[in-house]
Amino acid sequence: MKRILEKDEKRARLAIAMATPMFNVQTSEKKDDCFATNGVVTGLDAAITKIPHVYKPASLKTSDILGNHRHLFSGVRAEPLESSYMSKSLRYCVSHCLYAVMTKVAELNKEANMHSFIRYLGYLANVSLLVAICLGLYVRWEKTENILLLVIFILGLFVLGIASILYYYFSMEAASLSLLHLWFGFLLGLLCFVDDSKFKTDVKEEATKYLLLASIMIKTLCSVVERICGCVRHQPALLTSEEFLELVGFAIASIAMMMPNCLSVVLLVFALSMLIVDLRMKSILAIPNLIAFALITSLLFFPSLKISTNPFALACYFSRLICVPLLDLYFSGLSVTERWKPYLYGRTLCRRISILPVALIELIFFVLAAFKLNNLDYWYFLIPGFSIFGIFWLICHVVFLITFWGFHTKLGECQKIYYTHRIDHKSLDCVMASKGMRHFCLISERLVFFSLVFTAVLGGVSWQPTNGTFMSVFLIVLPLESLAHGLFHELGNCLGGTCIGYAIVIPTNYCSPDGQPTLLPPEQVQELNLRSTTTLNSIQRFFAYHMIETYGCDYSTSGFSFVALQSKVKAFLDLRTTDGPRHDTYILYYSGHSHSSGEWALSGGETLRLETILEWWKEKNADFCSRLIIVLDCGNALPWVKDVRRVGDIFVAVQGAVLAKEVNIEDAELPQLGDFTKDWVEYNCNLDNNISWSDKGRTVTAVYGISKSWSDYTLHLPTGSDVAKHWMIYFPHFTYPLIQLADWCGGLNLFWICNVCFRCFKRLKMRWFPPTVLDTGQGFKLVKS
């Protein structure tokens with residue numbers, strides 16, 4: 001603390017010392033060595049003594065801080081000392097204002113310096129690459145005397161000049177950078193494919209290699225620093241304009257310089273673009289695809305072309321394009337739907353048309369693989385292997401294309417709902433979750449994975465080490481199917497399950513002290529009906545906001561009989577999705593009067609117990625793992641909350657309210673039915689709500705209870721019957737064996753021991769340390785005060 005006070009004291013004195021010219025300081029003529037070397041200190045004390053009505057307390061004397069130098073101030077004329085408070089305030093304000101300003105300036109300078117440093121690193125990488133290209137092309141022209149290289153070299157410099165003029169004089173930054181990246185790709189392509197052994201001994205060629213390596217390292221360093229410092233704002237895109245233009249430029253260079261093999265190289269460039277998209281979408285198989293691409297192209301593809309290539313230029317080109325999407329596997333914070341936004345939010349017609357080129361590429365791959373049959377050296381192995389795996393490949397890819405068509409159909413329905421009934425900030429993934437897209441994607445993921453496996457197997461059986469076109473198409477198909485698998489995998493993991501709700505509101509039943517329901521007096525009926533209507537509107541708002549399918553909202557002023565309510569609730573608990581399986585979550589809401597034991601008060605003196613509802617639930621949910629959430633807005637919800645905690649074999653939760661029996665009339669009114677629903681719906685439907693359930697002065701408090709096995713709940717995974725129903729809806733009969741095989745492989749659980757341990761840990765956590773706010777995974781929360 002003493003050290004902090006000394007720092008504040010020094011800052012205050014320095015600030016006032018800077019302001020000494022504003023004061024008319026009179027000092028003596030006597031100066032000694034100490035005065036001469038400490039002009040700021042003496043001027044500071046003089047300024048302090050000359051401030052009108054300033055008192056210098058003992059704690060702020062210069063003799064206490066800087067030493068005993070009173071002899072230096074013998075000629076200073078002292079003013080009346082009156083207000084110590086004003087002295088402290090003035091010195092504090094001046095010092096801290098100056099300190100805050102200087103700190104802000106330092107932060108801005110630091111931020112500006114960091115941005116400048118990153119920008120200059122990018123410039124240095126491009127300049128290094130440009131010098132390497134120019135030097136490399138000059139060496140090739142010098143050794144080969146090819147006039148075309150000289151013309152291209154001069155044209156490249158001319159294009160660079162045009163790009164500079166557009167950038168600096170016409171402020172056409174986008175056009176300038178587009179032209180520059182296009183030429184970078186083209187010139188790097190020339191540097192890759194114009195190579196000869198006689199270049200390798202040239203000093204300038206060695207310098208070109210080192211410059212290319214320096215460009216790779218500087219570009220990588222720039223990208224890493226840029227992301228660590230948070231200077232990148234990630235945007236959803238399949239390919240950036242810079243990547244697309246460099247790919248196009250490289251393809252043009254291959255066409256210009258390698259006419260016999262240009263088709264293979266152009267297809268390889270397309271395969272590289274698919275690999276970039278695969279990395280940017282964070283496909284689960286993106287890294288294996290990257291390794292396969294690097295190994296096949298370096299060890300097999302370019303040797304099969306029988307031309308001399310420059311490995312340093314190829315490495316530079318490859319690293320420039322791969323570096324950013326590879327780093328974004330870690331640094332990109334975009335969600336699944338944000339990454340896939342260009343595809344998911346695109347037009348339905350364009351997505352359906354995109355199936356045609358996918359089918360064409362798959363067909364071309366199969367035809368090229370069949371060329372292997374021309375080699376009959378190992379016919380006894382090749383013909384049976386290709387026949388068996390070829391048939392399986394065809395069946396798998398018929399399933400693959402049908403799956404994509406079905407996905408586009410369901411996605412189109414979700415888009416229609418999203419654009420027609422847009423609700424506040426709700427996104428497309430909420431609509432997809434409510435329409436059962438998760439279940440569809442989990443089954444489709446298994447089927448597409450089998451397609452990918454058989455593509456790899458067929459490619460291995462029919463491998464053609466001298467056919468560059470086959471290898472290029474194979475490298476296109478792998479990331480293409482990997483993208484489909486990654487899309488289904490991520491949507492299946494991130495989308496919520498389906499949910500359906502049923503609400504019961506009984507406004508005018510009142511439980512008398514003897515436990516019998518009676519009607520309210522006529523003068524209170526209108527007020528209570530208005531309150532009940534508000535409650536009904538609130539729960540309907542809750543269902544609509546969270547995209548919960550509504551079975552019904554029953555409102556009855558005369559109450560329900562047990563038989564009528566039984567038929568309604570049983571029908572609700574038996575509902576299924578349009579695809580066949582049961583819903584993941586069922587919400588049963590009740591607002592009305594209840595007995596002290598928690599039983600619902602029905603007409604005719606009948607009641608409905610919790611045990612009865614749980615029996616109905618077990619009857620309907622015997623072979624499934626759905627969960628039931630009961631929301632109670634009644635005066636005696638606490639008994640059900642306690643009872644449900646003793647249930648152990650099903651997933652059930654009860655959200656209830658506790659209404660204060662006595663309140664201070666001056667502070668608040670006595671709580672009534674509907675008050676809890678109003679607050680709970682507002683809490684779950686308004687992100688800017690100011691509701692605090694832990695406030696001690698609340699007249700309506702919340703409480704929830706969950707069954708013992710609640711923490712074991714996971715969203716429903718497709719079973720054999722689910723897969724069979726899915727097959728009957730979408731696929732032809734001859735694909736049934738393959739789909740059953742995919743279901744069996746997908747159902748294998750190789751880490752069951754870890755799952756058991758994790759379940760035990762979660763059970764103990766929920767039992768000993770239940771959270772105040774329990775997220776259901778459907779967008780709404782259970783709360784307790």
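Residues numbered from 1 in each chain as written. Predicted model: local features only at pLDDT ≥ 70, side-chain atom pairs only at ≥ 80, totals over all residues. Heavy atoms only, no water.

## Details of a nonpolar patch on the surface
Taken together, L373, L376, Y378, W379, Y380, F381 and I383 make up a surface patch of nonpolar side chains, about 790 Å² in accessible area. In this fold, Y378 is placed in the loop between α16 (355-370) and α17 (379-420). Looking at Y378, the relative accessible area reads 54%, which means it is exposed. (Patch = residues over 30% accessible without salt bridge, like charges linked within 9 Å, V, L, I, M, F, W, Y side chains within 5 Å. Areas by Shrake-Rupley, 256 points an atom, 1.4 Å probe, with all protein chains shown as cover. Salt bridge = Lys/Arg side-chain N within 4 Å of Asp/Glu carboxyl O. Helix = DSSP H or I, 4+ residues; strand = E, 2+ residues; numbered from the N terminus. Buried < 20%, exposed > 50% of the residue type's maximum accessible area, 1.4 Å probe, protein only.)

## Things to note about the layout of surface pockets
In this structure, the largest pocket encloses a volume near 1700 Å³. Secondary structure elements with two or more residues in the lining of the largest pocket: α5 (84-144), α6 (147-168), α7 (173-193), α8 (203-228), α9 (241-257) and α12 (311-331). Tallying contributions element by element places α5 first for the lining of the largest pocket, with nine residues. A breakdown of the residues in the lining of the largest pocket according to their chemical character gives 22 nonpolar, 13 polar and 13 charged. (1 Å grid on protein atoms, 1.4 Å probe; cavity = no way out; pocket = protein on both sides within 12 Å on 5 of 7 lines; lining within 4 Å. Points joined across faces, edges and corners; volume = space filled by probe spheres on them. Nonpolar A, V, L, I, M, F, W, Y, C, P; charged D, E, K, R; others polar.)

## What to know about empty space enclosed by the protein
Throughout the structure, instances matching the rule amount to eight cavities of 30 Å³ or more. Empty space within the largest cavity amounts to approximately 60 Å³. In terms of lining residues, the largest cavity is bounded by V505, I506, P507, L528, R531, S532, T535, S591, G592, L673 and G674. Considering each element in turn, the lining of the largest cavity owes the most residues, four residues, to helix α21 (residues 522-545). Looking at the lining of the largest cavity, its residues break down into five nonpolar, five polar and one charged.

## What to know about helix α11 (residues 286-305)
In a regular helix each residue adds 1.5 Å, so 20 residues correspond to 28 Å; α11 covers 26 Å between its end C-alpha atoms and thus fits that length. Along its length, α11 reaches its greatest deviation from straightness, about 45°, at T297. Along α11, the residues that are buried comprise A286, N289, L290, F293, I296, T297, F301, F302, S304 and L305. Here the buried face of α11 lies against α7, α10 (262-280), α12 and α20 (468-494). Where α11 ends, the next residue or the one after it, K306, has phi of about 60°, a positive value. (Expected span 1.5 Å × (residues − 1). Bend = angle between axes of the 7 residues up to and from the residue. Contact = heavy atoms within 4.5 Å.)

## Let's talk about the confidence of the model for the chain
Low pLDDT means the predicted atomic positions in that stretch should not be read closely. Looking at the chain as a whole, the pLDDT averages 79, with 79% of positions reaching at least 70. Across residues 1-5, confidence stays below pLDDT 50; counting only partners more than four residues off in sequence or on other chains, it has zero contacts. In this model, residues 14-83 is a region of pLDDT below 50 whose contacts with residues beyond four sequence positions or in other chains number 79 contacts. (pLDDT = per-residue confidence, 0-100.)

## Observations regarding the packing of aromatic side chains
Here a ring pair, both rings aromatic, is described through the centre-centre distance and the interplanar angle of the planes. Evaluation of the coordinates by the stated rule reveals 41 aromatic pairs. Arranged with centres 5.9 Å apart and planes meeting at 45°, the rings of Y138 and W141 form a pair that is tilted. Placement of both Y138 and W141 in helix α5 is noted, with a separation of three residues, approximately one turn of the helix. Here W141 falls in the partly exposed class, since its relative accessible area comes to 27%. Geometrically, the ring pair formed by F542 and F780 is edge-to-face, given 5.2 Å between the ring centres and 70° between the ring planes. With F542 in helix α21 and F780 in the loop between β11 (773-775) and β12 (781-783), the pair connects residues that are 238 residues apart, well separated along the chain. The rings of F365, F366, F386, W393, W463, F470 and F474 are connected pair by pair, giving a single aromatic cluster. (Phe/Tyr/Trp six-rings, centres within 6.5 Å; stacked < 30°, edge-to-face > 60°.)

## Thoughts on the side chain of S264
Inspection of the secondary structure assignment puts S264 in helix α10. Within the local environment of S264, its side chain forms a polar contact with the side chain of T469, the two groups lying 3.0 Å apart. Apart from the residues lying within four places of it in its own chain, the contact partners of S264 are F301, L305, G468, T469 and S472. (Polar contact = N/O pair within 3.5 Å; in protein donor to acceptor, adjacent residues only side chain to side chain.)

## Details of the sheet that holds strand β10 (residues 700-706)
Each strand in a sheet pairs with its neighbour through backbone hydrogen bonds, running either in the same direction (parallel) or in the opposite one (antiparallel). In spatial order, the strands read β4-β1-β5-β8-β9-β10; together these six strands make up an open sheet with mixed pairing. Either end of the sheet is taken by a strand with one partner, and the two such strands are β4 (549-555) and β10. Taking the axes of each pair of neighbouring strands and ignoring which way they run, one obtains an average angle of 10° across the sheet. Against the sheet, helix α25 (residues 675-685) makes contact with β5 (585-591), β8 (627-633), β9 (651-659) and β10, and its axis sits at roughly 130° relative to β8, the strand it touches most. (Pairing = 2+ DSSP bridges. Axes fitted to C-alpha atoms, helices over the stretch in contact; angles between N-to-C directions.)

## Remarks on the pattern of salt bridges
For the structure on display, the rule yields 17 salt bridges. Between R227 and E226 there is a salt bridge; the shortest N-O distance is 3.7 Å. The partner of E243 in a salt bridge is R280, and the shortest N-O contact between them spans 2.7 Å. Residue E243 is found in helix α9, and its partner R280 is found in helix α10; the two are separated by 37 residues along the sequence. Accessibility assignment for this pair places E243 and R280 in one class, buried. Several salt bridges converge on common partners, so that one network encompasses E226, R227 and D328.

## Focus on the nonpolar core
Counting 101 residues, the largest nonpolar core has L272, F407, M432 and M437 as the members making the most contacts within it. Looking at this core element by element, the count peaks at 14 residues for α20. In contact with L272, other than residues within four places in its own chain, are L247, F293, Y317, F318, L321 and I322. I629, Y683, I706 and Y713 belong to the second largest nonpolar core, which has 37 residues in total. (Core = buried A, V, L, I, M, F, W, Y, C linked by side-chain atoms within 4.5 Å.)

## Some details on unusual backbone geometry
Here the phi dihedral of K282 falls at roughly 55°; this positive angle occurs in a residue that is not glycine. Locating K282 in the fold gives a position in the loop between α10 and α11. Of the residues examined, K282 reaches a relative accessible area of 19% and is grouped as buried. The phi dihedral of M547 is positive, around 55°, even though this residue is not glycine. Assignment of secondary structure puts M547 in the loop between α21 and β4.

## Digging into the packing of α10 against α12
Between α10 and α12, the shortest axis-to-axis distance is 8 Å and the interhelical angle comes to 20°. One finds that α10 runs roughly parallel with respect to α12. The residues of α12 that touch α10, namely those facing L272, L275, I276, L279 and R280, are Y317, F318, L321, I322, V324, P325, L326 and L329. The class makeup of the residues in the contact of α10 with α12 is twelve nonpolar, no polar and one charged. (Parallel < 35°, antiparallel > 145°, perpendicular 65-115°, else oblique.)

## A word on the pairing of β8
When you tally the buried positions in β8, you get seven out of seven residues, the bulk of the element. Here β8 shows no split at all, with R627, I629, V631 and D633 on one side and L628, I630 and L632 on the other all buried. Two strands pair when backbone bridges link them, and β5 and β8 are joined in this way by seven bridges, in the parallel orientation. Bridged to L588 within β8 is I630. The pairing of β8 with β9 spans five bridges and is parallel. The residue of β9 that forms the bridge with V631 is Q655.

## Concerning the side chain of S538
As for its placement among the helices and strands, S538 is situated in helix α21. The class of S538 is buried, set by a relative accessible area of 13%. Filtering out sequence-adjacent residues up to four positions away, S538 remains in contact with T677 and V681.

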